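# Inside the fold
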Amino acid sequence: MQPETPQGNQPAALPPVTPPVPPQAERHEGQEPSFYTPVNPSSYAGQTTATPPTPAAASSIHWEASEYVHTDKGSLWLVVFGAVVVLLLGLAIWFAAWTFAILIVVMAVAMAIFAFRPPHVLHYVLNDDGVQINNQTFAYNDFRAFGILQDGAFFTLTLIPIKRFSPALSVYFAEDHGEQIVDIVSAHLPMEHIEPDVIDTLMRRLRF
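Below, the structure is looked at part by part. All residue numbers refer to position in the chain's written sequence, counted from 1. At least 70 in pLDDT is required for a residue's local features to be given in this predicted model, at least 80 for side-chain atom pairs to be given and counted, and no such filter applies to totals for whole chains, interfaces and linings, which use all residues. Heavy atoms throughout the structure, all of them, feed into the side-chain values; hydrogens and water do not.

This part is about the overall build of the chain. Counting its regular elements, the chain contains five helices and nine strands. Starting at the N terminus and walking to the C terminus, you meet the elements of the chain as β-β-α-β-α-α-β-β-β-β-β-β-α-α. A total of 208 residues make up the chain; the buried ones form 23% of that total. If you take every contact in the chain between residues at least 6 apart in sequence, the share linking residues at least 24 apart comes to 62%. When the accessible surface of the chain is summed, it comes to about 15,700 Å², and 62% of that surface belongs to carbon and sulfur atoms. Per the convention used, a helix needs a DSSP run of H or I reaching at least four residues, while a strand needs a run of E reaching at least two, with both numbered from the N terminus. Burial here depends on accessible area, computed with a 1.4 Å probe over protein chains only, as a share of the maximum for the residue type. Under 20% is buried, over 50% is exposed, and the range in between is partly exposed. Residue contacts follow a heavy-atom distance rule, with two residues in contact if any of their heavy atoms lie within 4.5 Å. Accessibility throughout is a Shrake-Rupley quantity obtained with a 1.4 Å probe, and a residue counts as covered only by protein chains that appear here.

As C-alpha coordinates, this is what we get:
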(Lines give C-alpha, C1' and ligand atoms only; values in the text may rest on other atoms or scores of the structure.)
Protein backbone atom coordinates (compact mmCIF):
# COMPACT_ATOMS: atom_id res chain seq x y z
CA MET A 1 0.00 0.00 0.00
CA GLN A 2 1.39 3.43 -1.00
CA PRO A 3 1.75 5.95 1.79
CA GLU A 4 -0.57 8.86 1.56
CA THR A 5 0.88 12.34 1.08
CA PRO A 6 -0.43 14.71 3.70
CA GLN A 7 -2.58 17.51 2.37
CA GLY A 8 -1.01 20.98 2.50
CA ASN A 9 2.60 19.78 2.14
CA GLN A 10 2.90 20.68 -1.55
CA PRO A 11 6.44 21.71 -2.74
CA ALA A 12 6.96 25.47 -2.72
CA ALA A 13 6.87 27.25 -6.10
CA LEU A 14 10.21 28.52 -7.39
CA PRO A 15 10.60 32.33 -7.69
CA PRO A 16 10.50 33.77 -11.25
CA VAL A 17 13.86 34.15 -12.95
CA THR A 18 14.67 37.71 -13.98
CA PRO A 19 16.91 37.98 -17.09
CA PRO A 20 20.15 39.92 -16.64
CA VAL A 21 20.04 43.59 -17.55
CA PRO A 22 22.79 44.80 -19.94
CA PRO A 23 25.20 47.11 -18.17
CA GLN A 24 25.11 50.78 -19.13
CA ALA A 25 28.09 52.12 -21.01
CA GLU A 26 30.45 53.93 -18.69
CA ARG A 27 30.77 57.65 -19.41
CA HIS A 28 33.20 59.87 -17.61
CA GLU A 29 31.97 63.08 -16.07
CA GLY A 30 31.85 65.92 -18.59
CA GLN A 31 32.41 63.59 -21.55
CA GLU A 32 30.05 64.08 -24.51
CA PRO A 33 29.79 62.03 -27.71
CA SER A 34 31.65 63.61 -30.59
CA PHE A 35 30.28 63.92 -34.11
CA TYR A 36 33.77 63.41 -35.53
CA THR A 37 33.25 59.64 -35.32
CA PRO A 38 30.18 58.02 -36.92
CA VAL A 39 27.77 56.30 -34.58
CA ASN A 40 28.36 52.51 -34.28
CA PRO A 41 25.79 49.95 -33.06
CA SER A 42 26.23 48.71 -29.47
CA SER A 43 26.71 45.03 -28.62
CA TYR A 44 26.04 42.90 -25.53
CA ALA A 45 26.70 39.21 -24.90
CA GLY A 46 27.51 38.59 -28.54
CA GLN A 47 24.22 39.98 -29.80
CA THR A 48 24.41 43.16 -31.88
CA THR A 49 21.64 45.62 -31.20
CA ALA A 50 21.13 49.05 -32.68
CA THR A 51 18.50 51.63 -31.96
CA PRO A 52 16.64 52.25 -35.24
CA PRO A 53 17.08 55.90 -36.26
CA THR A 54 14.18 58.16 -37.04
CA PRO A 55 13.68 57.89 -40.85
CA ALA A 56 13.17 61.61 -41.39
CA ALA A 57 16.21 62.59 -39.32
CA ALA A 58 18.61 59.89 -40.50
CA SER A 59 18.45 60.34 -44.26
CA SER A 60 18.00 64.07 -44.77
CA ILE A 61 18.79 67.35 -43.07
CA HIS A 62 18.54 70.96 -44.20
CA TRP A 63 19.78 74.22 -42.70
CA GLU A 64 20.89 77.75 -43.58
CA ALA A 65 24.36 79.23 -43.09
CA SER A 66 26.66 81.91 -44.49
CA GLU A 67 28.65 81.11 -47.60
CA TYR A 68 31.83 82.07 -45.71
CA VAL A 69 32.92 83.53 -42.38
CA HIS A 70 32.98 87.31 -42.68
CA THR A 71 35.63 89.23 -40.71
CA ASP A 72 35.28 92.93 -40.02
CA LYS A 73 38.12 95.05 -41.37
CA GLY A 74 39.40 97.94 -39.32
CA SER A 75 41.17 101.14 -40.29
CA LEU A 76 44.58 99.48 -39.96
CA TRP A 77 43.61 96.88 -42.56
CA LEU A 78 42.60 99.64 -44.97
CA VAL A 79 45.88 101.51 -44.45
CA VAL A 80 47.99 98.40 -45.06
CA PHE A 81 45.92 97.36 -48.08
CA GLY A 82 46.17 100.83 -49.65
CA ALA A 83 49.92 101.00 -49.02
CA VAL A 84 50.52 97.64 -50.72
CA VAL A 85 48.41 98.65 -53.74
CA VAL A 86 50.21 102.00 -54.11
CA LEU A 87 53.61 100.32 -53.81
CA LEU A 88 52.85 97.72 -56.46
CA LEU A 89 51.31 100.29 -58.74
CA GLY A 90 54.36 102.55 -58.36
CA LEU A 91 56.70 99.69 -59.28
CA ALA A 92 54.61 98.88 -62.35
CA ILE A 93 54.73 102.49 -63.53
CA TRP A 94 58.48 102.75 -62.79
CA PHE A 95 59.21 99.76 -65.02
CA ALA A 96 56.59 100.87 -67.60
CA ALA A 97 54.68 97.61 -67.11
CA TRP A 98 51.33 99.04 -68.11
CA THR A 99 49.56 95.70 -68.38
CA PHE A 100 50.68 94.79 -64.87
CA ALA A 101 49.53 98.22 -63.61
CA ILE A 102 46.05 97.67 -65.04
CA LEU A 103 45.96 94.20 -63.50
CA ILE A 104 46.85 95.63 -60.09
CA VAL A 105 44.02 98.16 -60.28
CA VAL A 106 41.48 95.50 -61.31
CA MET A 107 42.62 93.10 -58.57
CA ALA A 108 42.57 95.86 -55.93
CA VAL A 109 38.99 96.83 -56.81
CA ALA A 110 37.86 93.18 -56.81
CA MET A 111 39.52 92.47 -53.45
CA ALA A 112 37.99 95.62 -51.91
CA ILE A 113 34.50 94.62 -53.07
CA PHE A 114 34.94 91.07 -51.78
CA ALA A 115 36.38 92.27 -48.46
CA PHE A 116 33.42 94.48 -47.60
CA ARG A 117 30.59 92.54 -49.24
CA PRO A 118 28.46 90.76 -46.61
CA PRO A 119 28.19 87.00 -47.22
CA HIS A 120 25.01 85.55 -48.67
CA VAL A 121 22.90 83.16 -46.62
CA LEU A 122 22.72 79.82 -48.44
CA HIS A 123 20.20 77.01 -48.05
CA TYR A 124 21.82 73.58 -47.66
CA VAL A 125 20.20 70.16 -48.06
CA LEU A 126 22.09 66.97 -47.24
CA ASN A 127 20.63 63.56 -48.11
CA ASP A 128 21.53 60.25 -49.75
CA ASP A 129 21.75 61.89 -53.19
CA GLY A 130 24.46 64.38 -52.21
CA VAL A 131 24.77 67.98 -51.08
CA GLN A 132 22.43 70.62 -52.45
CA ILE A 133 23.42 74.30 -52.15
CA ASN A 134 20.47 76.47 -53.13
CA ASN A 135 19.52 74.96 -56.50
CA GLN A 136 22.83 73.21 -57.29
CA THR A 137 23.41 69.57 -56.34
CA PHE A 138 26.83 67.93 -55.81
CA ALA A 139 26.78 64.11 -55.95
CA TYR A 140 28.92 61.92 -53.72
CA ASN A 141 30.41 60.24 -56.79
CA ASP A 142 32.46 63.39 -57.49
CA PHE A 143 34.30 63.12 -54.17
CA ARG A 144 36.62 60.56 -52.62
CA ALA A 145 36.49 61.52 -48.92
CA PHE A 146 35.40 64.19 -46.47
CA GLY A 147 36.69 65.90 -43.35
CA ILE A 148 35.66 68.39 -40.68
CA LEU A 149 37.36 71.73 -40.00
CA GLN A 150 36.56 74.39 -37.43
CA ASP A 151 36.44 78.00 -38.62
CA GLY A 152 35.70 80.36 -35.76
CA ALA A 153 32.28 79.62 -34.28
CA PHE A 154 31.33 77.47 -37.29
CA PHE A 155 32.35 74.03 -38.46
CA THR A 156 33.07 73.21 -42.07
CA LEU A 157 32.20 70.02 -43.94
CA THR A 158 34.95 69.71 -46.55
CA LEU A 159 34.38 67.32 -49.46
CA ILE A 160 37.60 66.27 -51.20
CA PRO A 161 37.12 65.85 -54.99
CA ILE A 162 38.32 62.89 -57.00
CA LYS A 163 39.95 65.11 -59.64
CA ARG A 164 43.41 66.18 -58.58
CA PHE A 165 43.23 69.92 -59.29
CA SER A 166 39.55 70.48 -58.56
CA PRO A 167 38.77 72.70 -55.54
CA ALA A 168 37.31 71.19 -52.41
CA LEU A 169 33.70 71.88 -51.53
CA SER A 170 33.24 73.60 -48.15
CA VAL A 171 29.89 73.67 -46.38
CA TYR A 172 29.42 75.58 -43.12
CA PHE A 173 27.16 74.26 -40.38
CA ALA A 174 26.44 74.78 -36.68
CA GLU A 175 27.80 72.37 -34.11
CA ASP A 176 24.39 71.01 -33.13
CA HIS A 177 23.96 69.55 -36.67
CA GLY A 178 27.40 67.91 -36.69
CA GLU A 179 26.59 64.38 -35.55
CA GLN A 180 23.72 63.93 -38.01
CA ILE A 181 25.72 65.42 -40.90
CA VAL A 182 28.68 63.11 -40.27
CA ASP A 183 26.42 60.05 -40.00
CA ILE A 184 24.78 60.80 -43.37
CA VAL A 185 27.98 61.56 -45.28
CA SER A 186 29.97 58.68 -43.73
CA ALA A 187 27.44 56.25 -45.23
CA HIS A 188 28.76 57.26 -48.68
CA LEU A 189 32.33 58.55 -48.20
CA PRO A 190 35.24 57.70 -45.88
CA MET A 191 36.25 60.28 -43.29
CA GLU A 192 39.81 61.67 -43.30
CA HIS A 193 41.76 63.99 -41.05
CA ILE A 194 42.39 67.20 -42.97
CA GLU A 195 44.26 70.43 -42.31
CA PRO A 196 43.73 73.93 -43.77
CA ASP A 197 45.72 74.39 -46.97
CA VAL A 198 48.09 77.25 -47.73
CA ILE A 199 45.43 79.37 -49.43
CA ASP A 200 43.01 79.03 -46.52
CA THR A 201 45.73 79.96 -44.04
CA LEU A 202 46.74 82.99 -46.11
CA MET A 203 43.14 84.16 -46.45
CA ARG A 204 42.65 83.93 -42.69
CA ARG A 205 45.82 85.94 -42.07
CA LEU A 206 44.57 88.59 -44.49
CA ARG A 207 41.24 88.55 -42.57
CA PHE A 208 39.20 87.43 -45.58
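The next point concerns the pairing of strand 9 (residues 169-173). With four of five residues buried, strand 9 is to be regarded as a mostly interior element. Whether two strands pair depends on DSSP finding at least two bridges between them. Note that strand 8 (residues 154-161) and strand 9 share five bridges and pair antiparallel. In the sheet register, Phe-155 faces strand 9, and the bridge partner there is Phe-173.

All right, on to the nonpolar core then. By convention a nonpolar core is built from buried Ala, Val, Leu, Ile, Met, Phe, Trp, Tyr and Cys residues, the set being connected through side-chain atoms within 4.5 Å. Counting residues in hydrophobic clusters, the biggest one holds 25 residues, and the most contacted among them are Trp-63, Leu-126, Leu-157, Leu-159, Val-171, Ile-181 and Val-185. Of all the secondary structure elements, the ones that give two or more residues to this core are strand 3 (60-66), strand 4 (121-127), strand 5 (130-133), strand 7 (143-151), strand 8, strand 9 and helix 4 (178-186). Once residues lying within four places of it in the same chain are set aside, the contact partners of Trp-63 are Leu-122, His-123, Tyr-124, Leu-126, Val-171, Tyr-172, Phe-173, His-177 and Ile-181.

Right, let's get into the environment of Glu-192. Checked against the element boundaries, Glu-192 lands in the loop between helix 4 and helix 5 (198-205). Between the C-alpha atom of Glu-192 and that of Arg-144, which follows or precedes it by 48 residues, the distance is 9.9 Å. The residues touching Glu-192, leaving out its near neighbours within four places in the chain, are Arg-144, Ala-145, Phe-146, Gly-147 and Ile-160. At 3.3 Å, the side chain of Glu-192 and the side chain of Arg-144 are in polar contact. The definition of a polar contact used here is a pair of N or O atoms within 3.5 Å, where within protein one atom must be able to donate a hydrogen and the other to accept one, and adjacent residues in sequence count solely through side-chain atom pairs.

Take helix 2 (residues 75-94) next. Any helix carries an expected span of 1.5 Å times its number of residues minus one. The end-to-end C-alpha distance of helix 2 is 28 Å, a good match for the 28 Å that 20 residues give at a rise of 1.5 Å each. Inspection of helix 2 places Trp-77, Phe-81 and Ala-92 among the buried residues, and these make up the whole buried set. Buried residues of helix 2, viewed axially, fall in a sector of 30°; they line one side. Among the exposed residues of helix 2, those oriented more than 90 degrees off its buried face are Ser-75, Leu-76, Val-79, Val-86, Leu-87 and Trp-94. Packing partners of the buried residues in helix 2 comprise helix 3 (98-116). Ala-96 occupies a position one or two residues after helix 2 and carries a positive phi of about 55°. Directions drawn from the helix axis to the C-beta atoms are what define this arc.

Next up on the list: the pattern of salt bridges. Salt bridge criterion: a side-chain nitrogen from Lys or Arg within 4 Å of a carboxyl oxygen from Asp or Glu. Per the counting criterion, the structure on display carries one salt bridge. The salt bridge partner of Glu-192 is Arg-144, with a shortest N-O separation of 3.3 Å. Taken together, the positions of Glu-192 in the loop between helix 4 and helix 5 and Arg-144 in strand 7 put the pair 48 residues apart, joining distant regions of the chain. Of the residues examined, Glu-192 reaches a relative accessible area of 33% and is grouped as partly exposed.

What follows is about the environment of Ile-181. You can see Ile-181 is positioned in helix 4. In contact with Ile-181, not counting residues within four places along its chain, are Ile-61, Trp-63, Leu-126, Leu-157 and Phe-173.

Our next topic: the packing of aromatic side chains. The pairing test for Phe, Tyr and Trp rings, Trp by its six-membered ring, is centres within 6.5 Å, and the orientation test on the planes gives stacked under 30 degrees, edge-to-face over 60, and tilted for anything in between. Applying the stated criterion across every chain yields a total of three aromatic pairs. Between the aromatic rings of Trp-77 and Phe-81, the centroid separation amounts to 5.1 Å while the plane-to-plane angle is 5°, which identifies the pairing as stacked. With Trp-77 and Phe-81 both in helix 2 and four residues apart, the pair spans about one turn of that helix. The same class applies to Trp-77 as to Phe-81, namely buried.

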